[in-house]
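Fold and geometry: a report
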Amino acid sequence: MELPRYLDARGNLSFVEQINHIPFEIKRTYWIYDVPGGEARGGHAFRHNKEFMVALSGAFDVLVDDGENKRSFTLNRSYYGLYVPAGLWREMNNFSTNSLALEFGSEHYSQEDYIREYDEFLNLKKNGEI
Ligand code: TYD
């Protein structure tokens, strides 16, 4: 999703609003930074948590997988946002130096909401449980 941009000789400004841009009520915001080269993060799915991701600085890829199809999205502009619905396997990789990933979530942090094993994800998907 392309977010609003206000280009100005003093510098640029972008913003997001819940509902207008982010299609859920935001309960949590976190950010990932200082990722060493070659590291991957976030190889998991959520049962309920929906996410909206922005590369505030630098770039990274998000691999999204519904159990049948995989697609990779490159976030490399601070005015690009990626909405990831619940029930999808997602992994972040190819972080550039000094990249800063901002993530909004629809749920408070809950370990129980995570599915960390890919086989379990595929089984839940196959049985229509997520
Ligand atoms: P984790 O979800 O494992 O990171 P990744 O998304 O890369 O898989 O989170 C790392 C640690 O941070 C984990 O011990 C839980 C903690 N954490 C919170 O306490 N609150 C949060 O909102 C998040 C995202 C993580």
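Overview of the structure.

Remarks on the pairing of strand S9 (residues 89-93)
Both faces of the sheet carry side chains from a regular strand, because those side chains alternate between them. Across 2 bridges, the pairing between strand S4 (residues 41-46) and S9 is antiparallel. Within the sheet, the bridge partner assigned to histidine 44 lies in S9 and is arginine 90. Pairing geometry for strand S6 (residues 60-65) and S9, over 5 bridges, is antiparallel. By the bridge assignment for S9, valine 62 is matched with methionine 92.

Comments concerning the layout of surface pockets
Approximately 160 Å³ is the volume found for the largest pocket. Taken together, Tyr30, Ile32, Arg41, Gly42, Gly43, His44, Phe46, Arg90, Met92, Glu103, Tyr114 and Arg116 make up the lining of the largest pocket. Among the secondary structure elements, those contributing two or more residues to the lining of the largest pocket are strand S3 (28-32), S4 and S9. The leading source of residues in the lining of the largest pocket is S4, at 5 residues. Broken down by class, the residue content of the lining of the largest pocket amounts to 5 nonpolar, 3 polar and 4 charged.

A look at the nonpolar core
Counting residues in hydrophobic clusters, the biggest one holds 14 residues, and the most contacted among them are Met53, Phe60, Val62, Leu75 and Met92. Elements that contribute at least two residues to this core include exactly strand S5 (51-57), S6 and strand S8 (81-84). If you tally residues by element for this core, the top one is S6, at 3 residues. Leave out the neighbours within four places in its chain, and methionine 92 touches Ile32, Glu39, Ala40, Arg41, Met53, Phe60, Asp61, Val62, Ala101 and Glu103. Ranked by size, the runner-up nonpolar core spans 8 residues in total, among them Leu3, Phe52, Val54 and Tyr79.

Some remarks on unusual backbone geometry
Positive phi, close to 55°, is recorded for aspartate 34, a residue that is not glycine. Position of aspartate 34 relative to the elements: it lies in the loop between S3 and S4. A positive phi angle, close to 55°, is found at asparagine 94, a residue other than glycine. Structurally, asparagine 94 is set in the loop between S9 and strand S10 (100-105).

Criteria and thresholds
Residues numbered from 1 in each chain as written. Predicted model: local features only at pLDDT ≥ 70, side-chain atom pairs only at ≥ 80, totals over all residues. Heavy atoms only, no water. Pairing = 2+ DSSP bridges. Helix = DSSP H or I, 4+ residues; strand = E, 2+ residues; numbered from the N terminus. 1 Å grid on protein atoms, 1.4 Å probe; cavity = no way out; pocket = protein on both sides within 12 Å on 5 of 7 lines; lining within 4 Å. Points joined across faces, edges and corners; volume = space filled by probe spheres on them. Nonpolar A, V, L, I, M, F, W, Y, C, P; charged D, E, K, R; others polar. Core = buried A, V, L, I, M, F, W, Y, C linked by side-chain atoms within 4.5 Å. Buried < 20%, exposed > 50% of the residue type's maximum accessible area, 1.4 Å probe, protein only. Contact = heavy atoms within 4.5 Å.

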